[in-house]
Amino acid sequence: VLVDMDAHCHMVDLKHFEETTDKPTWDKLLELSEECKRRKLKILFFNSTPQGGGVALMRHATIRLMRLLGVDCRWFVAKPNPDVFVITKRKFHNVFQGVTADEQYRLLKEDKDLWIEWCEQNFDNYWGEGKGVIDTADVIIMDDPQVSAIIPRIRKLNPAARIIYRSHIEIRSDLASVEGSMQHALWDFLWSGFISKTDLFISHPVAGFIPPRVPHAKVALMPAATDELDGLNKKMSAADLEYYRRVFNRCAEDQGSPGISADRPYVIQIARFDPAKGIPDVIQSYRIFREQLTAKGLESDQHPQLVICGHGSIDDPDGTVIYDQVMEMLAQSEYLPYAKDICVTRLPASDQLLCAILRSSFCALQLSHREGFEIKVTESLAKYKPVIAFRSGGIPLQIEDGKTGILIERGNTQGVADALTRLYTDNDYYQEFVNELRTKEQDSKRQQFFTPFQSVNWLYLATELAYKGNDAAIVKAQPQAEDIEGTYMGNGQTRNWNAKYVRQFWQGTA
C-alpha cells in the first residue's frame with residue numbers, strides 16, 4: 001500500500017509526533033527504531049483492504065510514522081474478490097461476532113476452497129518466491145483471518161520469518177467452545193490449518209475474545225489505536241467546521257437525507273453500516289429521547305438532531321443492506337415524526353469530514369452489540385465529547401463510567417435515552433464530563449491508544465522475535481510453533497506471555 005502517495009504527500013514531521021507523545025514513550029520509540037535499523041529488520045503487515053474500518057486507519061498511521069523513523073516497515077493487501085469478501089464478512093466476521101445464527105452462513109467446503117484459492121493466488125502473484133516480499137521478511141503481522149490461508153506458505157518459503165496473528169474483531173469464545181456451533185467449526189478450521197502455525201497471538205484486552213485452543217502462553221494483549229495527527233483527529237478552525245458541515249449536507253442531499261442545521265446541536269454515531277453496530281437501537285433511543293424532551297416542555301426546534309454516518313469498507317458487502325434497512329425503519333409510523341431530524345449518510349473516504357462532524361457534535365453514541373475495540377470511542381473522548389455506549393466488547397475498557405462517558409447494558413434503549421436527556425437538560429452535569437476529559441490525567445491515559453505508543457509495541461515485538469542479529473544456531477533449533485506452549489524468541493529462549501499487555505514487557509511491569 002503506497003501510504004500518503006508513497007510519501008509524496010507530506011502530512012507531518014517527526015517533531016509533530018514528539019510534541020504529542022510523553023517523553024518515556026518517545027525515548028523508547030527512538031531506541032527501538034534505532035535497533036531495527038541497526039539490525040536491518042524488515043517488518044510486513046498483511047490484510048484484505050487499504051480503506052475502510054479501523055485496521056486500515058491504523059496501518060496508514062503506522063507506516064507513516066515508521067517511514068519517518070527510517071524503519072523498513074511495509075503493508076500489503078490482497079487483490080479484491082467480491083465473492084470472497086461475502087465469505088470473509090458474512091461467514092467469518094459476522095459469525096465470529098455472533099450477530100447471526102442463520103445456518104445459511106455456516107462455512108461450506110466450496111467456501112473454504114474459494115477462500116484458500118484466492119489467498120494462494122495473491123501469494124503466488126504478488127508476495128511469493130522471488131517477489132522480494134515474504135522471502136526477505138523478518139517479522140510478518142497478519143491482521144485478522146481474511147488472508148490467513150497464506151500462513152503455511154509463508155512458513156514454507158521463509159521458515160525464519162516470525163509470524164504474529166493480530167485479532168481485531170470480537171470472537172465469541174463462548175460460542176466457539178460449543179461443539180457443533182458455526183463458531184466452533186469456523187474456528188477449528190482456521191486455527192488447525194493456519195493460525196496455530198503463528199508464533200504469537202495478539203488479542204484485544206478482553207478475556208472473552210481469546211478463542212478456545214489458543215494457549216494463553218502464546219497470547220499478548222494490545223488495544224486498538226488512532227492517530228492524533230491525521231485527518232480524523234487534527235484541530236480545525238470554525239471556518240473549517242462550517243465548510244465540512246456544508247460538504248456533509250451536500251452528501252446528505254444527494255442521498256435524500258436531511259442535512260445538519262447550523263443552529264441546532266446534534267447527537268452522533270459514526271460507524272460502518274454493519275449488523276453489529278446497533279443502528280436500530282440508536283434510532284429507537286433517539287425517539288424515546290425526543291419524547292422525553294417534549295414531555296419536559298421543550299419545543300421541537302430546541303431538540304437536537306441525530307446524525308448516523310460512516311465510511312464504507314472495500315471488503316464489506318453488508319453496508320448497502322444495512323443502510324436500506326435503516327431507511328425502511330425511518331419510514332415506519334413511530335419514527336416518521338422524527339425522520340426529518342435524522343441524518344443518515346454514507347460518506348466518501350474523507351477523514352477530515354468525519355473529524356469535523358464529530359468535533360461539532362453535542363455528544364457521541366456507540367451502541368454496538370458486538371465490538372472489538374472501538375477507535376471512534378477514543379476519537380470522541382479525545383475531542384472532549386462524552387460517549388454513551390453499550391457495555392460491548394472492549395468498549396468498557398475505553399470509557400470510565402460516570403467520568404468520561406456513560407455505559408449502558410446492551411439493548412437498553414430506555415437507559416440510553418435517559419442518559420441523553422440528562423446530558424442535554426443538565427448543563428452542569430454535561431460540563432463535568434467535558435472538564436474531566438480535558439484533564440492531564442485523561443490525556444496521559446489516552447497515550448496508549450495513539451500511534452506512537454502502538455508503534456513501540458510493534459517495534460518491541462519485532463526486535464524481540466526477529467532472529468537477524470542473533471546466533472544462527474538459534475534459527476536451526478527453532479521448534480514448530482504449534483509444538484510449544486509459549487513463543488520461541490529471537491534469542492533462543494521460550495517466553496510465556498500469559499495473556500498480558502505487550503506494554504507490560506517493555507515497561508518492565510510484566
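Residues numbered from 1 in each chain as written. Predicted model: local features only at pLDDT ≥ 70, side-chain atom pairs only at ≥ 80, totals over all residues. Heavy atoms only, no water.

Broken down by element type, the chain carries 20 helices and 15 strands. Computed over C-alpha atoms, the radius of gyration of the chain comes to 23 Å, within 12% of the 24 Å expected from 2.2 N^0.38 for 510 residues, which places it in the range of a compact globule. The dimensions of the chain, computed from C-alpha atoms along their principal axes, are 80 × 50 × 40 Å. For the chain, with 510 residues in total, the buried portion stands at 58%. Here the chain displays about 20,200 Å² of accessible surface, and carbon together with sulfur accounts for 48% of that area. Positive and negative charge centroids in the chain, built from 60 and 69 side chains respectively, lie 4 Å apart. (Helix = DSSP H or I, 4+ residues; strand = E, 2+ residues; numbered from the N terminus. Rg over C-alpha atoms; globule rule 2.2 N^0.38 Å. Buried < 20%, exposed > 50% of the residue type's maximum accessible area, 1.4 Å probe, protein only. Areas by Shrake-Rupley, 256 points an atom, 1.4 Å probe, with all protein chains shown as cover. Lys, Arg positive; Asp, Glu negative; His and termini not counted. Charge placed at Lys NZ, Arg CZ, Asp CG, Glu CD.)

Strand order across the open sheet formed by six strands is 9-8-7-10-11-12, with parallel pairing between neighbours. On the outer flanks of this sheet lie strand 9 (342-346) and strand 12 (405-408), each paired with one strand and no other. The sheet shows a mean angle of 20° between the axes of neighbouring strands, taken without regard to direction. Looking at chain direction, strand 10 (residues 363-366) and strand 11 (residues 387-390) are connected through three bridges and run parallel. Following the sheet pairing, Gln366 is matched in strand 11 by Ala389. (Pairing = 2+ DSSP bridges. Axes fitted to C-alpha atoms, helices over the stretch in contact; angles between N-to-C directions.)

It is worth spelling out helix 16 (residues 427-437) at this point. Those residues of helix 16 that sit buried are Tyr429, Tyr430, Phe433, Val434, Glu436 and Leu437. The arc that holds the buried residues of helix 16, viewed along the axis, is 165°, so those residues lie on one side. Of the exposed residues in helix 16, those oriented more than 90 degrees away from the buried face are Asn427, Asp428 and Glu432. Of the residues that open helix 16, the one with a side-chain oxygen 3.3 Å from the backbone nitrogen of Asp428 is Asp426. (Arc of directions from axis to C-beta. Polar contact = N/O pair within 3.5 Å; in protein donor to acceptor, adjacent residues only side chain to side chain.)

On the secondary structure map, Trp506 appears in helix 20 (residues 502-506). Owing to a relative accessible area of 11%, Trp506 belongs among the buried residues under this scheme. If near-sequence neighbours (up to four positions away) are discounted, Trp506 is found in contact with Lys28, Phe453, Val456, Asn457 and Tyr460. There is a polar contact of 2.7 Å between the side chain of Trp506 and the side chain of Asn457. (Contact = heavy atoms within 4.5 Å.)

Across the interface, helix 11 (residues 279-295) lies against helix 12 (residues 319-330) with an axial gap of 10 Å and an inter-helix angle of 20°. Between helix 11 and helix 12, the angle is such that the two are roughly parallel. Viewed along their axes, helix 11 and helix 12 form a crossing whose handedness is right-handed. Seen from helix 11, the contacting residues are Ile279, Pro280, Ile283 and Gln284; seen from helix 12, they are Ile322, Val326, Met329 and Leu330. Class assignment of the residues belonging to the contact of helix 11 with helix 12 gives a composition of seven nonpolar, one polar and no charged. (Parallel < 35°, antiparallel > 145°, perpendicular 65-115°, else oblique. Left-handed = near helix turned anticlockwise from the far one by under 90°. Nonpolar A, V, L, I, M, F, W, Y, C, P; charged D, E, K, R; others polar.)

Applying the stated criterion across every chain, the model contains 40 salt bridges. The shortest N-O distance in the salt bridge between Arg74 and Asp72 comes to 2.9 Å. Exposure remark for Arg74: the relative accessible area of 36% places this residue in the partly exposed category. Arg155 is the partner of Asp199 in a salt bridge, and the nearest nitrogen-oxygen pair spans 2.9 Å. One end of the pair, Asp199, is in the loop between helix 9 (182-193) and strand 5 (200-203); the other, Arg155, is in helix 7 (residues 151-157), with 44 residues separating them in the sequence. (Salt bridge = Lys/Arg side-chain N within 4 Å of Asp/Glu carboxyl O.)

A separate point is the side chain of Arg166. Following the sequence through the fold, Arg166 ends up in strand 4 (residues 162-166). At 3.4 Å, the side chain of Arg166 forms a polar contact with the backbone oxygen of Pro223. For Arg166, the residues in contact, after removing those within four places along its chain, are Arg59, Ile141, Met142, Asp143, Asp144, Ile202, Ser203, His204, Met222, Pro223, Ala224 and Trp458.

This part takes up the state of the cysteines. Taken as a whole and judged by the stated rule, the model has zero disulfides. Cysteine Cys9 shares no disulfide, and the gap to the nearest cysteine sulfur, in Cys355, comes to 16 Å. (Disulfide = S-S within 2.5 Å.)

Examined against the element boundaries, Glu436 turns out to sit in helix 16. The exposure class of Glu436 is buried, given its relative accessible area of 17%. Once residues within four sequence positions are removed from consideration, Glu436 is found in contact with Lys403, Thr404 and Gln442.

Among all residues except glycine, the phi angle is most often negative; among peptide bonds, the trans geometry is most common. The residue Asp6 is not glycine, and still its phi comes out positive at about 55°. With a phi angle near 50°, Ala499 is a residue other than glycine that sits in the positive phi range. Of note, Ala499 is situated in the loop between strand 14 (494-495) and strand 15 (500-501).

All right, on to the environment of Gln284 then. The residue Gln284 is located in helix 11 in this model. Expressed as a C-alpha distance, the spacing of Gln284 and Ala271, which sit 13 residues apart in the sequence, is 17 Å.

Moving on to the packing of aromatic side chains. Aromatic ring pairs: the centre-centre distance and the angle between the two ring planes describe each pair. Applying the stated rule across the entire model yields 23 aromatic pairs. Relative to Phe76, the ring of Phe46 has its centre 5.6 Å away and its plane inclined at 20°; by these criteria the two rings are stacked. Here Phe46, found in strand 1 (residues 42-47), pairs with Phe76, found in strand 2 (residues 72-77); they are 30 residues apart in sequence, far enough to count as distant. For the pair Phe46 and Phe76, a shared accessibility class is recorded, and that class is buried. Ring plane angle 35° and centroid distance 5.4 Å describe the contact between Tyr165 and Phe201, whose orientation is recorded as tilted. In this pair, Tyr165 is assigned in strand 4 and Phe201 in strand 5, connecting sequence segments 36 residues apart. Across the pair, Phe201 and Tyr165 agree in class, each one buried. Through pairs of rings, three or more aromatic residues link up here, namely Phe96, Tyr165, Trp187, Trp191 and Phe201. Taking the ring centre of Trp497 as reference, the NZ or CZ of Arg495 above it sits at 4.7 Å. Against the face of Tyr501 rests Arg503, its NZ or CZ located 4.1 Å from the ring centre. (Phe/Tyr/Trp six-rings, centres within 6.5 Å; stacked < 30°, edge-to-face > 60°. Lys NZ or Arg CZ within 6 Å of the ring centre and 35° of its normal.)

Function cannot be read off these values alone, since they describe shape.
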